[in-house]
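# Fold and contact review
Single-letter residue listing:
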Amino acid sequence: MLNFTRRAAIASVAALGLAASAIPAAADGHKMTFTLATSGSESDQRSVAMAEVFAPMVAEFADYQPGYNGTLFAQGTELEAIAGGNLTMSIASAQELAQFFPEFSIFATGYVHQDAAHQVRVFNDPLMDPFKQTVEDELGVKLLSVMYLGRRHVNLRQTREELDVQTPADLAGVNLRMPGTDAWQFLGAALGASPTPLAFSEVYTSLSSGAIDGQDNPLPTVVDQKFYEVTKQIALTSHLVDLNYIAFSLETWNNLTPDQQLTVQRAADAAAAYGRLKQLDKENNLADFIRSQGVEIYTPDLEAFRAHVQAQYVGSEAAASWPEGVLERINALGN
Ligand code: KDO
């Protein structure tokens, strides 16, 4: 359930009707403007998919206006911006949604999603209906599609000679940057590290200065953000097969005609599918390039990581918020 302070904050912002002009006037037939905020770069495959697939498909009735690198709204503030009528869309995370609705932490739990196809089966399964409905009812946000971000791995400044990561015990005391929300910090600690909250936009400079020992992102992000310039190893923990949701303003959605709604839904699904294929291709072909930049890549003791991480969730406050039977259903949808 949404805790009172957050619900009150959302209600007050929405009630103020701030930036009502951000809500496109579809009814009078004028072209709308769909603004999108992401902390990702313009070259990130999810951004590319939205610009090259989603935007053209809705161009008949909406202009697409993206803001990259957290320039429109800082990472983690996009959902409240949508709820307040100040933004149309974001590439949201389950971890951000879990700040409002703790039960979303199930989709941010280490070693649960098995691969990109599993993510799609879970998102399209009836188990998701109550989750989607809650986000619409309490946040005014519609989750259109699931995007594939990739397998997250531990990426460190230390060389393997300095720190060989085989089990979670090897990460004891390592200052591992994780994104700022509780679900991310929990995962960082579950890996055995000492997690530090830090915005995505600060990661490169903090690695370069040594303010942090490492970060965890998929290989395509390591390349897109040039983290290979300021790190020396990647332990392929694959601790989270990570996802994002294409989040859309429910108020904007309700202003669309049925045909426009169908087009927006199809455009989101097409962009998610395109981005997934491109991200998988990058993910499967970047290791040699990263190695050529002086970064050692190796596979640790995956069973040790899986067992330790999953044991941290058993009996946790996060797990207590998961609706009965959902984890079993997610596992049943696996391979
Ligand atoms: C990150 O901050 O490490 C993260 O990967 C978290 C994701 O949920 C997502 O916000 C992502 O950043 C951005 O889309 C930038 O890639």
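In short, a report on the structure. Counting from 1, residues in each chain are numbered in the order their sequence is written. In keeping with the predicted nature of the model, local features appear solely for residues at pLDDT of at least 70, side-chain atom pairs appear and are counted solely at 80 or more, and the whole-chain, interface and lining totals rest on all residues. As a rule here, side-chain values come from all non-hydrogen atoms in the structure, and water together with hydrogens is ignored.

### Some words on the overall build of the protein chain
Keep this limit in mind: Under the scheme used here, helices are H or I runs from DSSP no shorter than 4 residues and strands are E runs no shorter than 2 residues, and both carry numbers assigned from the N terminus. To get the radius of gyration, use the C-alpha atoms; to get the globule rule, take the number of residues to the power 0.38 and multiply by 2.2 Å. What makes two residues a contact is simply this: any of their non-hydrogen atoms within 4.5 Å. A 1.4 Å probe and the Shrake-Rupley method give the accessible areas. Residues count as covered only by the protein chains that appear here. For this count, His and the chain ends are skipped, Lys and Arg are scored as positive, and Asp and Glu as negative. A charged residue contributes its charge at one atom only: NZ of Lys, CZ of Arg, CG of Asp or CD of Glu.
Assigned secondary structure in the protein chain consists of 15 helices and nine strands. At 20 Å, the protein chain has a C-alpha radius of gyration in line with the 20 Å of a compact globule built from 335 residues. Taken along the three principal axes of its C-alpha coordinates, the protein chain extends 65 × 40 × 35 Å. Sequence-distant contacts in the protein chain: of pairs separated by 6 or more residues, those separated by 24 or more amount to 77%. Total accessible area on the protein chain is roughly 13700 Å²; 52% of this is exposed by carbon and sulfur atoms. In the protein chain, which carries 21 positive and 39 negative side-chain charges, the distance between the mean positions of the two groups comes to 4 Å.

### Regarding the pattern of salt bridges
Quick note on the threshold: By convention in these notes, a salt bridge is any Lys or Arg side-chain nitrogen within 4 Å of a carboxyl oxygen on Asp or Glu. Buried, partly exposed and exposed residues are distinguished by accessible area as a fraction of the type maximum, computed with a 1.4 Å probe on protein chains only: under 20%, between the cut-offs, and over 50%, respectively.
Applying the stated criterion across every chain, the model contains 10 salt bridges. One salt bridge connects R329 with D125, and the closest N-O pair in it is separated by 2.5 Å. In this pair, R329 is assigned in helix 15 (residues 326-332) and D125 in the loop between helix 5 (116-124) and helix 6 (129-139), connecting sequence segments 204 residues apart. Its relative accessible area of 37% is what places R329 among the partly exposed residues. What makes D125 buried here is its relative accessible area of 7%. The closest approach of N and O atoms between E296 and R160, which form a salt bridge, is 3.3 Å. Of the two residues, E296 sits in strand 9 (residues 296-298) while R160 sits in the loop between strand 4 (141-156) and strand 5 (175-178), which places them 136 residues apart along the sequence.

### Some words on the nonpolar core
Short version of the rule: Among buried residues, those of type Ala, Val, Leu, Ile, Met, Phe, Trp, Tyr and Cys that are joined through side-chain atoms within 4.5 Å constitute a nonpolar core.
Of all hydrophobic cores here, the largest spans 56 residues; its most connected members are F104, F107, L127, L139, L143, L171 and Y245. Setting aside chain neighbours within four positions, we find F104 in contact with A94, L97, A98, F131, V135, L143 and Y245.

### Things to note about helix 13 (residues 302-313)
Let me state the cut-off plainly: Helix span, as expected, comes to 1.5 Å for every residue beyond the first. Relevant arc is that of directions from the helix axis to the C-beta atoms, nothing else. Residues adjacent in sequence count toward polar contacts only when both atoms are side-chain atoms; beyond that, a polar contact is any pair of N or O atoms within 3.5 Å, and within protein one must be able to donate a hydrogen and the other to accept it.
Helix length check: helix 13, at 12 residues, gives a terminal C-alpha distance of 17 Å against a target of 16 Å (1.5 Å per residue), a fit within 8%. Restricting attention to buried positions, one finds in helix 13 the residues F305, V309 and Y313. Along the axis of helix 13, the buried residues cluster in a sector spanning 65°; they form a single face. Elements that come into contact with the buried residues of helix 13 comprise helix 7 (182-190), strand 8 (233-249) and helix 14 (317-320). Regarding helix 13, its N-cap is D301, as a side-chain oxygen of that residue lies 3.3 Å from the backbone nitrogen of E303 further along. Phi turns positive, to about 80°, at G315, one or two residues after helix 13.

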